[in-house]
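Coordinate inspection notes
Take a look at the letters that make up each chain.
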Amino acid sequence: MCAIMSVHRLVCQSCGTGYPLDTREWRCACGGLFDLEPWPRLDPARIDPTQPGLWRYRAWLPLDAGWEPLTLGEGNTPLIPAVWDGQPVWFKLESLSPTGSFKDRGAAVLMTALRGLDIGRVVEDSSGNAGASLAAYTARAGIKCEICVPSTAAGPKIAQMVAHGAEVVQIKGKREYAALAAWAAAAHGAYYASHVYHPYFLAGTATFSYELWEQRREVETMALVFPVGNGTLLLGAYRGFQRLLQAGLISHMPTLCGVQAAACAPIAQAFDRGRSTIEPVAVGETVASGIAIGQPVRGAEVLAAVRATGGAVVRVEEEEINIAHRRLAAQGFFVEETAAAAVAALPRLRERLASVSSMVIALTGHGLKTYRAL
Ligand SMILES: [Zn+2]
């Protein structure tokens, strides 16, 4: 079968080698991670207000013109004013995405590209939300999907994958073993639709920034707070704001902050120690299962993004997460514990970031994702 050519290509961040989009390689032969080229210029006149959700930014995404958007209604999540510890904050409700997490931004854009490339079978590894999202979007696209999950993944997330018809392979042991199982499937012909490695996923999460820029034009003076495991929302947001800056649409970058559970905090540890690379850590017990990543692939990129914007990566204890989770629900915000971790860090972040005008916290996942009957 002849390859479907695209004007876009994958380019190694480390050595600059280019690969066609339909390659079965998911990182460069040198070990480097892929970026995408070329990127369109961000022209506000090309925002299309007639299109739903994140597709109003269709012309700002690195997608071929002939590829039809694959959508379940993702993006355009509400930005809600709230009060936390007596201070005004903004919550961005990514929890209201079609499958209940921000991962839908990345999955919609990634699967639009893969359907455009005529990919018939994908594999992914996930601790839950990315797999649930990919399962939904592959179902929508009519693409076969296999998800390798650690056996500790939350039941409702697995239920979503199964409901959408994905083949779910539960892997015992460390989270990394699920990645190894996915790599093995990729070596046998499946396309590795990784939310961590594939740059189209980050192109999708970059729309978080575009929306926030339209929702709050003073976004440059704000601090944005994300729960961070692999950091795919923080990194996408960073890249989105970089493009807004390059286009002259913002005057400087907002402050980006990451929050990790103390039980698994390799990025916070590197931040505290002033390191630029990540030392893997053992994953301890945490209710914030969505960010329990001991060896984040793009951890060094997350560190660099946070430092470049004057932000911080902090850690929170289990009890703090549980208290924030209950207090959010008491205010009407039903989110998973991973999202509550970001809110739990607000007192610590306020001490460090006296100069920011206000804070936006990404409520990344819905409460039903980890719901356990009482
Ligand atoms: Zn390379």
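Small disclaimer: the values here were computed from a predicted structure and weren't measured.

Cut-off values and rules
- Residues numbered from 1 in each chain as written.
- Predicted model: local features only at pLDDT ≥ 70, side-chain atom pairs only at ≥ 80, totals over all residues.
- Heavy atoms only, no water.
- Helix = DSSP H or I, 4+ residues; strand = E, 2+ residues; numbered from the N terminus.
- Buried < 20%, exposed > 50% of the residue type's maximum accessible area, 1.4 Å probe, protein only.
- Contact = heavy atoms within 4.5 Å.
- Domains from an automatic or database assignment.
- Buried area = accessible area lost by both parts, 1.4 Å probe.
- Salt bridge = Lys/Arg side-chain N within 4 Å of Asp/Glu carboxyl O.
- Polar contact = N/O pair within 3.5 Å; in protein donor to acceptor, adjacent residues only side chain to side chain.
- Nonpolar A, V, L, I, M, F, W, Y, C, P; charged D, E, K, R; others polar.
- Donors = N, O, S within 2.8 Å, 3.2 Å for Na, K, Ca; no water.
- Tetrahedral: all angles 85-135°; square planar, octahedral: opposite > 155°, others 65-115°.
- Axes fitted to C-alpha atoms, helices over the stretch in contact; angles between N-to-C directions.
- Parallel < 35°, antiparallel > 145°, perpendicular 65-115°, else oblique.
- Left-handed = near helix turned anticlockwise from the far one by under 90°.
- Expected span 1.5 Å × (residues − 1).

1. Notes on the side chain of N129
- Along the chain, N129 falls in helix α2 (residues 129-141).
- N129 sits in the buried class, given a relative accessible area of 7%.
- Excluding residues within four positions of it along the chain, N129 makes contact with S101, K103, K157, E336 and K369.

2. A closer look at the domain arrangement of the protein
- Segmenting the protein into domains produces domain 1 (1-38) and domain 2 (44-374).
- Distance between the C-alpha centres of domain 1 and domain 2: 23 Å.
- Taken together, the contact pairs 18 residues of domain 1 with 23 residues of domain 2.
- Counting the surface lost from both domain 1 and domain 2, the interface buries some 1,700 Å², and carbon and sulfur atoms represent 64% of this.
- The tally of links between domain 1 and domain 2 comes to one salt bridge.
- On inspection of domain 1 and its partner domain 2, the count reaches eight residue pairs in polar contact (both at pLDDT 80 or more).
- Tallying contributions element by element places strand β3 (residues 34-37) first for the side of domain 1 that touches domain 2, with three residues.
- Grouping the constituent residues of the side of domain 1 that touches domain 2 by class yields 10 nonpolar, four polar and four charged.

3. Quick word on the coordination of the zinc ion
- Note on the zinc ion: its protein donors are C12 (SG), C15 (SG), C28 (SG) and C30 (SG). The metal-donor distances range over 2.3 Å.
- Metal-centred angles of 105 to 118° between the four donor atoms at the zinc ion mark the site as tetrahedral.
- Looking at C12, the relative accessible area reads 3%, which means it is buried.

4. Remarks on the packing of helix α6 (residues 207-215) against helix α7 (residues 232-246)
- Packing of α6 against α7 leaves a shortest axis separation of 6 Å and a crossing angle of 60°. By the angle between their directions, the pair α6 and α7 is classed as oblique. Seen along the crossing, α6 lies across α7 with a hand that is right-handed. Taken together, the residues of α7 that come into contact with α6 (itself represented by F208, S209, Y210, L212 and W213) are L233, G236, A237, G240, F241, R243 and L244.

5. Side note on unusual backbone geometry
- For the peptide bond that leads from E37 to P38, omega is -10°, which places it in the cis range.
- Topologically, P38 is positioned in the loop between β3 and β4 (79-84).
- Positive phi, normally seen in glycine, also occurs at D85, with a value near 55°.
- Note that D85 resides in the loop between β4 and β5 (87-92).
- Backbone geometry at D118 places phi at a positive 65°, although glycine is not the residue there.
- With respect to the secondary-structure elements, D118 resides in the loop between α1 (103-116) and β6 (121-125).
- Take D118: its relative accessible area is 51%, and that puts it in the exposed class.

6. A closer look at the packing of α2 against helix α3 (residues 155-163)
- Between α2 and α3, the least distance of the axes is 8 Å, while the angle of their chain directions is 20°. Classed by the angle they form, the pair α2 and α3 counts as roughly parallel. Crossing handedness for the pair α2 and α3: left-handed. Where α2 approaches α3, its residues N129, G131, A132 and A135 are matched on the opposing element by K157, Q160 and M161.
- Classifying every residue of the contact of α2 with α3 gives three nonpolar, three polar and one charged.

7. Brief notes about α2
- Spanning 13 residues, α2 covers 18 Å between terminal C-alpha atoms, matching the ideal 18 Å at 1.5 Å per step.
- Counting buried residues in α2 gives 11 out of 13 residues, a clear majority hidden from the surface.
- Taken together, the buried positions of α2 are occupied by N129, A130, G131, A132, S133, L134, A135, A136, Y137, T138 and A141.
- Looking at the buried residues of α2, the elements they touch are α1, β6, β7 (144-150) and α3.
- Once α2 ends, the next one or two residues include G142, with phi positive near 75°.

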